Amino acid sequence: MSRQIHSMEDLEHLIEEMGFLPFFWNGIEGFSVADVTPAEYWFPEEGDGVWEWKGPIIIDGGFAYGKFFENKAGFISMDWFPDFLNYRRHAYKLSNQERKILTVLKEHQSLLSKELKKECGYIKPHLPRAHNPLEKLLNKETMAVVKKPKDHKESFETAITRLQMSANVLTADFEYNYDKQGKRYGWGVARYCTPEDFFGEENFTHIERKPEESAQRIHEYLRKLLPYASEQQLIKIIG
């Protein structure tokens, strides 16, 4: 693929055309946003670039975005995401901790990553500053209790990545902080939700194919789309 993108609209059209598009380089030439985006659109001195395009593309383009490809982010169009979900949910077995995070997310419909961490007990409670030795001792003992909950067997990043790889969770948007002058700063904070809450449950109830049939359908499509890719590379994309 020799095409280069120069705008958010270019990227939207490319995702729609290809169906699958990892964000980062993955060994298949031309098969990523990184491969087709000129350097000046990554960190432009003025205006937005690919980092800022992600949120509007997810919302306006109606694409699934998340860590779907070897624990790395990418886009999938709705022409293919139902089959992708059908197979990946069959292929991944969730841990108890991952199920807990998923349950909390479903209860709230969507949460920023920091909110989800807090709701699931990953963020330590804030304790008032101690002003005497007894208070310091009590605070120290309290923190020792909450520091390592017994049921937290994997980090939040590991769990939320696996939930995306299993197509149970996706990124619904990226939200930014603004200074007093209204100027945006820092990296966008991911807002997570389930595919059913983002696209509507009705988009995933009509699939009558077996998970293995969905995987085979995706494989046949990717083989035509990427004839130069090795079988091992295709298997990694399919998961």
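Predicted model only: the values in this text are computed from it and were never measured.

J.: Even after reading the chapter, I still don't get the layout of surface pockets, so can you show me in this structure?
T.: Any empty space left between atoms is shown by rolling a water-sized probe over those atoms. Taken as a whole, the largest pocket encloses approximately 420 Å³ of empty space. Elements that contribute at least two residues to the lining of the largest pocket include exactly helix H3 (50-61), strand S2 (64-69), helix H6 (113-119), helix H8 (156-165), strand S5 (170-178) and strand S6 (184-193). For the lining of the largest pocket, the element with the highest residue contribution is S6, accounting for four residues.

J.: Explain the sheet that holds strand S1 (residues 20-22) here, please?
T.: Strands pair in a sheet through their backbones, by hydrogen bonds, and they do so in one of two ways: parallel or antiparallel. The strand order across the open sheet built from three strands is S1-S3-S2, with neighbouring strands paired in antiparallel fashion. What marks the edges here is a single partner per strand, and that holds for S1 and S2. Mean inter-strand twist for the sheet, computed between neighbouring axes without regard to direction, equals 35 degrees. In the sheet, S2 pairs with strand S3 (residues 72-76) via five bridges, with the strands oriented antiparallel. Pairing of Lys67 across the sheet is with Ala73, part of S3.

J.: Honestly, the pattern of salt bridges in this entry has me stumped. Any pointers?
T.: Where charged atoms from two side chains of opposite charge approach closely, those side chains can pair. Enumeration according to the criterion identifies seven salt bridges in this entry. A salt bridge links Arg209 to Asp83; the nearest nitrogen and oxygen atoms lie 2.8 Å apart. With Arg209 in the loop between helix H9 (195-199) and helix H10 (211-225) and Asp83 in helix H4 (residues 81-91), the pair connects residues that are 126 residues apart, well separated along the chain. With its nearest N and O atoms 2.5 Å apart, the salt bridge here joins Glu175 to Arg191. With Glu175 in strand S5 and Arg191 in strand S6, this residue pair connects regions lying 16 residues apart in the sequence. Exposure remark for Glu175: the relative accessible area of 29% places this residue in the partly exposed category.

J.: I'm lost on the packing of helix H1 (residues 8-18) against H3 in this one. Help?
T.: Each pair of packed helices gets described by two things: the angle between the helix axes and the distance between those axes. In contact at an axis separation of 10 Å, H1 and H3 are set at 50 degrees when each is read in the N-to-C sense. In terms of axis orientation, H1 runs oblique to H3. As for the relative orientation of H1 and H3, their crossing is right-handed in sense. Judged by residue contacts, Met8, Leu11, Glu12 and Ile15 of H1 engage Trp53, Pro56, Ile57, Asp60 and Gly61 from H3. Classifying every residue of the contact of H1 with H3 by side-chain character gives six nonpolar, one polar and two charged.

J.: Can you walk me through the environment of His6 in this structure?
T.: Here His6 shows up in the segment before H1. With near-sequence residues (within four places) excluded, His6 lies in contact with Pro38, Tyr41 and Trp53.

J.: Looking at this model, I keep getting lost on H8. Mind explaining?
T.: Two residues of an α-helix separated by three or four positions point the same way, owing to the 3.6 residues in each turn. With seven of ten residues buried, H8 is to be regarded as a mostly interior element. Listing the buried residues of H8 in full gives Phe156, Ala159, Ile160, Thr161, Leu163, Gln164 and Met165. Ala167, located one to two residues past H8, shows a positive phi value of around 65 degrees.

J.: Just to check I follow, could you spell out the packing of aromatic side chains for this structure?
T.: Geometry of an aromatic ring pair is reported as the spacing of the ring centres plus the angle between the planes. With the rule as written, the count across this model stands at 24 aromatic pairs. Ring centres of Tyr122 and Phe156 lie 5.4 Å apart, and the angle between their planes is 70 degrees; this geometry places the pair in the edge-to-face category. Of this pair, Tyr122 sits in the loop between H6 and helix H7 (133-147) while Phe156 sits in helix H8, and the two are 34 residues apart along the sequence. Each member of the aromatic cluster is reached from another via a ring pair, and the members are Phe20, Phe68, Phe69, Trp80, Phe81, Phe84, Phe198, Phe199, Phe204 and Tyr221. In this structure, Lys54 packs its charged tip against the face of Phe23, placed 5.2 Å from the ring centre. A cation over an aromatic ring shows up here: Lys54 above the ring of Phe174, its NZ or CZ 4.3 Å from the ring centre.

Rules used throughout
- Counting starts from 1 at the beginning of each chain's written sequence and moves along it residue by residue.
- Totals for whole chains, interfaces and linings use all residues, but because this is a predicted model, local features are given only for residues with pLDDT of at least 70 and pairs of side-chain atoms are given and counted only at 80 or more.
- Hydrogens and water molecules were not included; the side-chain quantities draw on all heavy atoms of the structure.
- Points on a 1 Å grid, built from protein atoms alone, make a cavity when a 1.4 Å probe fits but cannot get out and make a pocket when they are open with protein on both sides within 12 Å along at least 5 of 7 lines; residues with an atom within 4 Å of a point are the lining residues.
- Grid points are joined across faces, edges and corners, and a volume is the space filled by probe spheres set on the points.
- A run of H or I in DSSP becomes a helix once it reaches four residues, and a run of E becomes a strand once it reaches two; helices and strands are each numbered from the N terminus.
- Criterion used throughout: strands pair if DSSP finds at least two bridges between them.
- Interaxial angles span 0 to 180 degrees and are taken between N-to-C directions of axes, which are lines fitted to C-alpha atoms, for helices over the stretch in contact.
- A side-chain nitrogen of Lys or Arg and a carboxyl oxygen of Asp or Glu constitute a salt bridge if their distance falls within 4 Å.
- For every residue, the accessible area (1.4 Å probe, protein chains only) is compared with the maximum for its type, and the residue is labelled buried under 20%, exposed over 50%, or partly exposed between those bounds.
- Note on angle classes: values under 35 degrees are labelled roughly parallel, values over 145 roughly antiparallel, values of 65 to 115 roughly perpendicular, and the remainder oblique.
- Each crossing is labelled by how the near helix is turned from the far one, with a counterclockwise turn of less than a right angle marking it left-handed and a clockwise turn marking it right-handed.
- We call two residues in contact when some of their heavy atoms are within 4.5 Å.
- Residues are sorted three ways: Asp, Glu, Lys and Arg are charged, Ala, Val, Leu, Ile, Met, Phe, Trp, Tyr, Cys and Pro are nonpolar, and all the rest, Gly among them, are polar.
- A pair of Phe, Tyr and Trp rings is counted when the ring centres sit within 6.5 Å of each other, with Trp represented by its six-membered ring. The angle between the planes then sorts it: under 30 degrees is stacked, over 60 is edge-to-face, the rest tilted.
- By the criterion adopted, a ring carries a charge over it if an Arg CZ or a Lys NZ lies within 6 Å of its centre and within 35 degrees of its normal.

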